[in-house]
Amino acid sequence: MALIPNHIVERVIKENDILQVVSSYVKLNKQGKNYFGLCPFHSEKTPSFSVSTEKQIFHCFSCGEGGNVAQFISKIENISFIDSIRKLASNINLNIDEYFDYNKSVEQTKYYKINQFVCDFYQFALLNTKEGKEALKYLENRHITLDTIKQFKIGLAPDSVDTLYQALKSNDYSELSMLELGHVIKYNNKFYDKFKNRIMFPITNEHGNIVGFSGRLYLDKNKDEPKYMNTQETPIFKKAKILYNLYHAKKMIRQNKRVFLFEGFMDVIASYRSGIYESVAAMGTSLTNEHVQILKKFTPHVILCYDADNPGIEATKKAIQLLHKHHLKISVVHLPNGLDPDDYVNQYGEDKYSEYIDENIKSYKEYMYELYHSNININHIESIDDFKKKVFRLITEATPTERELFLNKLSNDINVSIKTLQYDYNNYTQYLKKSDEPNNYDVIMHDHIIKKIEKNRPSEKKLIEAQKIIIFFCLYNRKFVNIINKDTRITFNHRQYRDLFYDICSYYNTYDNFDYEEFLNKYVKDNETYLDFYQKIYKDFKNYKGSYEERYLQQCFAVIINELIASIVGQLKKRLKNTKTDQEKRKISQQIIEQLKVTKVKN
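What this report covers is the structure whose coordinates are included nearby. (Residues numbered from 1 in each chain as written. Predicted model: local features only at pLDDT ≥ 70, side-chain atom pairs only at ≥ 80, totals over all residues. Heavy atoms only, no water.)

## Digging into the overall build of the chain
Of the regular secondary structure elements, the chain holds 27 helices and 17 strands. Taking the principal axes of its C-alpha atoms as reference, the chain extends roughly 75 × 70 × 60 Å. The burial tally for the chain puts 47% of its 603 residues in the buried class. For the chain, long-range pairs separated by at least 24 residues make up 63% of all intrachain contacts whose partners lie at least 6 apart in sequence. Of the accessible surface of the chain, which amounts to about 33000 Å², a share of 47% is contributed by carbon and sulfur atoms. Separation between the mean location of the 87 positive side-chain charges and that of the 77 negative ones in the chain comes to 4 Å. (Helix = DSSP H or I, 4+ residues; strand = E, 2+ residues; numbered from the N terminus. Buried < 20%, exposed > 50% of the residue type's maximum accessible area, 1.4 Å probe, protein only. Contact = heavy atoms within 4.5 Å. Areas by Shrake-Rupley, 256 points an atom, 1.4 Å probe, with all protein chains shown as cover. Lys, Arg positive; Asp, Glu negative; His and termini not counted. Charge placed at Lys NZ, Arg CZ, Asp CG, Glu CD.)

Following this line, the structure appears as structure tokens:
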């Protein structure tokens, strides 16, 4: 933790005029000696938020929030008081890094500086080269203006082997840093630019620092390549924690008390052009817990704006489940005819787009109801009954008003009286309460299930072999590392395999292909025991004759998951043995049964 001397804190607060700072977040009007505006910390229609230039403080007469300029920044940016001092110190060109974790600060600053240089390089290439003219024409055809290009710092990675590499090198940036940040790749001891022939979109963190890039193809001759290519995971770029455009959007998110969540950055840019400034997107990944935690700092209301195709619908459903766990208000809006925001804006115009968005926002319950209804076969009683049960499940947490409205709608849609539906719904909720209670059958079943799980438990030899083959897959191709990391159940019971896997993950953050010598020099050579293990594993890897099809990797996963389940059930078995009450026995028995339901894995 930083320890900043009091006289430095006082200087920072004194030299930052509160009116100037607050005015960048809140629209203020002078009334007498003070300035007034709508409070950014609660919802109101009449201005009760006051700023005093004489006392250099702010105060809201409605919600009671108040304090000095540092406390304002801490509150509105959702950062610590110390970080607010650091932010304000930069406003007056005062360097206080010496009071923070110096090594970490210097390292991150170095990375941000390199990324800013790369961003400037790409922008120059777009705006000042012959290739750039063709790229600008492409952007113009997609209605992306010069103002939008400058706002989002859009650039161009030219058709070059190593122009960026040479530019970075001539400015004394190290090759290791270039590799770590994903700007170049190394092949046969030579360095090459990673991105080329792509329009480049810089990605910032919530504090405005550039942490990575996304490149989009724009030439027909390159259509066989992936349309989008992102910076790989780096020391400062973690996709699960980054939301595109959050830095620019957060002010409007707070002001409008909502955020629009899109699938991609082109959707965000189209929305920004249309005046929907509180727009963000996850970076080529599903919505994560980390994303939700970040959004919760700025607003309690998330509006999902994913594509209306099957993948988009599935992504919407998963996002709803995750957001619901975090107790956020969830709304949904889908564009018609399978259009994404960029297509809609280009086809119908910016005004029509923003008008459609505002008029078609619906609660997640309405959205799910319509989704369930679209799949109903009105001629089949079983389909109707299934639809009814899904709606019942949907409205169990609804308000009484919502519940009545949905039941009335359901009555009309399936032609069943409201009285009958209310009777069915009451029976359904009673059934839910009973089904949550463990029964005696669970106790009878647990012995059989324990034996079944224990029988399926892999031997020590088989477990080691599975871990070894997983390592082989990692050495063979970096894509398998991503597959392994996505399955949170996959763990390495043996420390040497675990350490080797973590080091391979770290290695692939810098390099695209595995190199025996490179890895040895960077991670292994100083530890004799680790060196012996690594050399043996690599020798076995070179002699391995098995297939590298993903289904064989999944077979190894099954071995590890069965070991994990057997371990969990073993612990539950011990708890069951020491439990005295029947109620507790039934609960543990049910947990044992749930383990079998969740896994159902054969190795």
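## A closer look at the nonpolar core
I154, Y244, I504 and F519 are the most contacted members of the largest nonpolar core, which has 108 residues in total. Broken down by element, the residue count for this core peaks at ten residues, all from helix α5 (residues 102-128). Setting aside its immediate chain neighbours within four residues, I154 contacts Q123, L126, L139, I144, T148, I149, I199, M200, F201, P202 and I269. Counting residues in each nonpolar core, the second largest holds 44 residues, with V280, I294, I320 and L328 among its members. (Core = buried A, V, L, I, M, F, W, Y, C linked by side-chain atoms within 4.5 Å.)

## Observations concerning helix α16 (residues 364-374)
All of the buried residues along α16 are Y364, K365, Y367, M368, Y369, L371 and Y372. Those residues of α16 that are buried lie in contact with α13 (310-325), β16 (329-332), β17 (362-363), α17 (381-394) and α18 (400-414).

## A word on the packing of helix α1 (residues 6-15) against helix α4 (residues 81-91)
Close contact between α1 and α4 brings their axes to 9 Å; oriented N to C, the two are set at 55°. By the angle class used here, α1 and α4 are oblique. The two elements α1 and α4 cross, and the hand of that crossing is left-handed. On α4, the residues that touch V9, V12 and I13 of α1 are F81, I85, L88 and A89. Considering only residue class, the contact of α1 with α4 consists of seven nonpolar, no polar and no charged. (Axes fitted to C-alpha atoms, helices over the stretch in contact; angles between N-to-C directions. Parallel < 35°, antiparallel > 145°, perpendicular 65-115°, else oblique. Left-handed = near helix turned anticlockwise from the far one by under 90°. Nonpolar A, V, L, I, M, F, W, Y, C, P; charged D, E, K, R; others polar.)

## Observations regarding the side chain of S52
Following the sequence through the fold, S52 ends up in strand β3 (residues 49-52). The class of S52 is buried, set by a relative accessible area of 8%. A polar atom in the side chain of S52 sits 3.0 Å from the backbone nitrogen of K55. Not counting residues up to four positions away in its chain, the partners in contact with S52 are I18, N34 and I57. (Polar contact = N/O pair within 3.5 Å; in protein donor to acceptor, adjacent residues only side chain to side chain.)

## As for the sheet that holds strand β5 (residues 66-67)
Strand order in this open sheet of five strands is β1-β2-β3-β4-β5, and the pairing throughout is antiparallel. Edge positions in the sheet fall to β1 (29-31) and β5, since each of these pairs with one other strand and no more. In terms of strand pairing, strand β4 (residues 57-60) meets β5 through two bridges, oriented antiparallel. Looking across to β5, one finds that H59 is bridged to G66. (Pairing = 2+ DSSP bridges.)

## A short note on the pattern of salt bridges
Evaluation of the coordinates by the stated rule reveals 25 salt bridges. In this structure, E15 engages R11 in a salt bridge whose closest nitrogen and oxygen atoms are separated by 3.0 Å. Linking E15 with R11, this pair stays in helix α1, spanning four residues, or about one helical turn. A relative accessible area of 43% means that E15 is categorised as partly exposed. Of the charged contacts in the structure, one is a salt bridge between K468 and D540, with a shortest N-O distance of 3.3 Å. Of this pair, K468 sits in helix α21 (residues 460-476) while D540 sits in helix α25 (residues 528-543), and the two are 72 residues apart along the sequence. Judged by relative accessible area, which is 14%, K468 ranks as buried. (Salt bridge = Lys/Arg side-chain N within 4 Å of Asp/Glu carboxyl O.)

## Side note on the packing of aromatic side chains
A full pass over the atoms with the stated rule returns 46 aromatic pairs. Where F41 meets F49, the ring centres are 6.4 Å apart and the plane angle is 70°; that geometry is what we call edge-to-face. Relative to Y534, the ring of F519 lies with its centre 5.1 Å away and its plane at 40°, an arrangement referred to as tilted. Of this pair, F519 sits in helix α24 (residues 516-524) while Y534 sits in helix α25; the two residues are 15 residues apart in sequence, bridging distant segments of the chain. Considered together, F519 and Y534 belong to a single accessibility category, that of buried residues. (Phe/Tyr/Trp six-rings, centres within 6.5 Å; stacked < 30°, edge-to-face > 60°.)

## Considering the pairing of strand β13 (residues 259-262)
Regular strands place side chains that alternate from one sheet face to the opposite one. Across the two faces of β13 the burial is the same, with V259 and L261 and F260 and F262 all buried. Pairing geometry for β13 and strand β15 (residues 301-305), over four bridges, is parallel. Note on β15: the bridge partner recorded for F262 is C305. Bridge analysis of β13 against strand β14 (residues 279-282) gives three bridges, and the strand direction is parallel. Each residue of the ladder has a partner; that of F260, found in β14, is S279. Since β13 and β14 lie parallel, the crossover through helix α11 (residues 265-273) that links them has a hand, and here it is right-handed. (Right-handed = clockwise from strand over helix to strand, strands pointing away.)

## A closer look at the environment of S24
Considering the arrangement of structural elements, one finds S24 in the loop between α2 (18-23) and β1. According to the relative accessible area criterion, S24 is partly exposed, its value standing at 40%. When the C-alpha positions of S24 and K251 are compared, they lie 9.1 Å apart, and in sequence the two are 227 residues distant. A distance of 2.6 Å separates a polar atom in the side chain of S24 from the backbone oxygen of V21.

## A look at the sheet that holds strand β9 (residues 198-204)
The strands making up a sheet associate through backbone hydrogen bonding, with each pair oriented either parallel or antiparallel. Strand order in the open sheet made by the four strands is β6-β9-β10-β11, with antiparallel pairing throughout. The open sheet is flanked by β6 (155-157) and β11 (228-230), the only strands paired with a single partner. Adjacent strand axes in the sheet meet at a mean angle of 35°, parallel and antiparallel pairs treated alike. Relative to β9, β6 runs antiparallel, the two sharing three bridges. Residue G155 lies in a different strand from β9, and its bridge partner there is M200. Its contacts with the sheet put α11 on β9, β10 (210-217) and β11, and the angle it makes with β9 is roughly 80°.

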